[in-house]
Amino acid sequence: MQQRRIGDVPVSAIGLGAMPLSSKTDRPSREDAIATVHAALDAGVTLVDTADAYAHDESEFGHNESLVAEALAAYGDGARDVLVATKGGHTRRGSDWLLDGSPSHLRQACEASLRRLGVDSVGLYQFHRPDPDTPWEDSMGALRQLADDGLVQMVGVSNADVAQIDVARSIVGRALVSVQNQFSPGWRFSADEVAHCAAHGLAFLPWSPFGGVSAAGSLPSTAPAFAEVADELGVSVYRVTLAWHLAQADVVVPIPGASRPASIQDSAAAADLQLTPDQLSRLDA
């Protein structure tokens, strides 16, 4: 598969967003979830994105991290080069998603993630979302400390604007390697952040590249130009969508969610799909 980079680490151009394996109300069985992760690895995926908060509620906090760790361990030596990206900063109360970006929480969250993932240092640790009750600078300082202490190898931020990215760059320094924001055919409001990442060599990981779980099924009707190109090429609209993401900049690494092996196999094939300039101009319109 085509390779891109997160920091100094080469990764597959298409990653796996593991959230649907834990957070969906109709999530797959543990066996089927592990089979989905294994199908991703079989297809050449070497980036798996998870988070401590990916679970039904607080009673099973960390479910997704534990599941990913189990799947990678079961895969054996073939998973050795997989970069696991996790996140901290969200908490849960029932089905509600709450925020805690305090340095003390981020330290505790990271240490818990280390235990669930079974590693001494997280490959890529991302701040999940800005916390209005904690100054952004304080959260970034906590991430810098985690990197300085060796608990994390690389740092990312999520749901951040250009100004916040620049503050993160100034505080976290070289350890900051990525930004994970929402971006899709129907949500292009992070275009400035994509361009900013490209200008500064930061990987951009678009989450919900199909518009989110509830919107993905209607993508052919909500993004008709993408469906037309898919028909021309004889591939799925999802494959075209990911190829369009990759064409935005060479720092873009989409992380489509999947809960079935067939879904991630189709997504992974987007890394080899070349869109013509005419097709791209129609999709960018």
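Attention in this report is confined to the structure presented alongside it. Just so it is clear, the structure is predicted and the values come from calculations on it, not from any experiment.

Cut-offs used in this document
Residues numbered from 1 in each chain as written. Predicted model: local features only at pLDDT ≥ 70, side-chain atom pairs only at ≥ 80, totals over all residues. Heavy atoms only, no water. Axes fitted to C-alpha atoms, helices over the stretch in contact; angles between N-to-C directions. Helix = DSSP H or I, 4+ residues; strand = E, 2+ residues; numbered from the N terminus. Parallel < 35°, antiparallel > 145°, perpendicular 65-115°, else oblique. Left-handed = near helix turned anticlockwise from the far one by under 90°. Contact = heavy atoms within 4.5 Å. Buried < 20%, exposed > 50% of the residue type's maximum accessible area, 1.4 Å probe, protein only. Pairing = 2+ DSSP bridges. Salt bridge = Lys/Arg side-chain N within 4 Å of Asp/Glu carboxyl O. Nonpolar A, V, L, I, M, F, W, Y, C, P; charged D, E, K, R; others polar. Right-handed = clockwise from strand over helix to strand, strands pointing away.

The N-to-C vectors of helix 10 (residues 224–233) and helix 13 (residues 277–284) enclose an angle of 155 degrees; their axes lie 9 Å apart at closest approach. By the criterion of interaxial angle, the relationship of helix 10 to helix 13 is roughly antiparallel. Judged by the twist between their axes, the crossing of helix 10 over helix 13 is left-handed. Between helix 10, through Ala225, Phe226, Glu228, Val229, Glu232 and Leu233, and helix 13, the contact on the second element is made entirely by Gln279, Arg282 and Leu283.

Both faces of the sheet carry side chains from a regular strand, because those side chains alternate between them. On strand 1 (residues 3–6), burial follows the alternation: Arg4 and Ile6 on one face are buried, whereas Gln3 and Arg5 on the facing-out side are not. In this structure, strand 1 lies alongside strand 2 (residues 9–12), joined through 4 bridges in antiparallel fashion. Within strand 2, the position partnered with isoleucine 6 by the bridge is valine 9. In this structure, the hairpin formed by strand 1 and strand 2 is closed by a connection of 2 residues, where glycine 7 is found at a positive phi of approximately 65 degrees.

For the rest of this paragraph, the subject is the pattern of salt bridges. Enumeration over the complete set of coordinates arrives at 11 salt bridges. The closest approach of N and O atoms between arginine 80 and aspartate 77, which form a salt bridge, is 3.6 Å. Note on arginine 80: relative accessible area 62%, which makes it exposed. Taking the shortest distance from any N to any O, the salt bridge between aspartate 278 and arginine 282 comes out at 3.1 Å. Here aspartate 278 pairs with arginine 282, and both are found in helix 13, just 4 residues apart, close to one helical turn. Of the residues examined, aspartate 278 reaches a relative accessible area of 47% and is grouped as partly exposed. Given a relative accessible area of 26%, arginine 282 falls into the partly exposed group. Three or more residues are tied together by salt bridges with common partners; here these are Glu232, Asp278 and Arg282.

For any two helices packed against each other, one specifies the crossing angle of their axes together with the interaxial distance. It is the contact of helix 2 (residues 30–42) with helix 3 (residues 63–75), at a shortest axis distance of 9 Å, that shows an interaxial angle of 60 degrees. The angle between the axes of helix 2 and helix 3 places the two elements in the oblique class. Handedness of the crossing formed by helix 2 with helix 3: right-handed. Taking contact as the criterion, the partners of Arg30, Ala33, Ile34, Val37, His38, Leu41 and Asp42 in helix 2 are, on helix 3, His63, Ser66, Leu67, Glu70, Ala71, Leu72, Ala74 and Tyr75. Among the residues forming the contact of helix 2 with helix 3, the class breakdown is 9 nonpolar, 3 polar and 3 charged.

For the rest of this paragraph, the subject is the pairing of strand 5 (residues 83–88). Extensive coverage of strand 5 is indicated by the burial of 6 of its 6 residues. Handedness of the crossover joining strand 4 (residues 47–49) and strand 5 through helix 3 is recorded here as right-handed. Summarising the sheet, strand 5 and strand 8 (residues 122–127) pair through 4 bridges and their orientation is parallel. Paired with lysine 87 across the two strands is glutamine 126, which belongs to strand 8.

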